[in-house]
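Observations on chain architecture
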Amino acid sequence: EALGQKFEFSWKARNLPPLKNKMIHWKSVDGSMGGSGFASAIQVRNKGAVRFRRVDEEKCEVQLVISFEVPDLLSPIAEQVTPIVDSILQADMDRFRQKALAGELKEFDEMR
């Protein structure tokens, strides 16, 4: 929640060929819009990757890299948008970590 609003963005994406045991990545599909509130009418072009690096036999480092274009509608408040997006992504990574630690995720070798 920020600026008195609860933000949620979603989009359709094209998954790019994964690098087995190393990276999954995507690029948003033009024209896809989604989210909650006024965000449901905003297209946020983006691309990103999740990289995996084995630390040892039992640990893996996960890195999320995402880039996005601030839509023209939001450009006057662009400086406020970035921290909102950062907090959404951090919350997503925290949920991923909790699921991974709880054993609720598929083995990476099973992912295709």
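Structural data are supplied above this passage.
My aim in this report is to walk through the structure given alongside it, one point at a time. (Residues numbered from 1 in each chain as written. Predicted model: local features only at pLDDT ≥ 70, side-chain atom pairs only at ≥ 80, totals over all residues. Heavy atoms only, no water.)

1. Describing the overall build of the protein
Secondary structure summary: the protein contains 1 helix and 4 strands in total. Each helix and strand of the protein, placed in order from N terminus to C terminus, yields the pattern β-β-β-β-α. A total of 112 residues make up the protein; the buried ones form 20% of that total. The long-range fraction of contacts in the protein, counting pairs at least 24 apart against all pairs at least 6 apart in sequence, stands at 43%. (Helix = DSSP H or I, 4+ residues; strand = E, 2+ residues; numbered from the N terminus. Buried < 20%, exposed > 50% of the residue type's maximum accessible area, 1.4 Å probe, protein only. Contact = heavy atoms within 4.5 Å.)

2. Remarks on the side chain of Ser28
Of note, Ser28 is situated in strand β2 (residues 23-28). For Ser28, the residues in contact, after removing those within four places along its chain, are Trp11, Lys12, Ala13, Val44, Arg45 and Asn46.

3. Let's talk about the sheet that holds strand β1 (residues 13-19)
The strand order β1-β2-β3-β4 describes an open sheet built from 4 strands, whose pairing is antiparallel. Both edges of this open sheet fall to β1 and β4 (60-68), since each of them pairs with a single strand only. Averaged over all adjacent pairs, the angle separating strand axes in this sheet is 15 degrees, with direction ignored. The pairing of strand β3 (residues 46-54) with β4 spans 9 bridges and is classified as antiparallel. Residue pairing in the sheet places Lys47 in a bridge with Ser67 of β4. Relative to the sheet, helix α1 (residues 78-101) contacts β3 and β4, its axis offset from that of β4 by approximately 150 degrees. (Pairing = 2+ DSSP bridges. Axes fitted to C-alpha atoms, helices over the stretch in contact; angles between N-to-C directions.)

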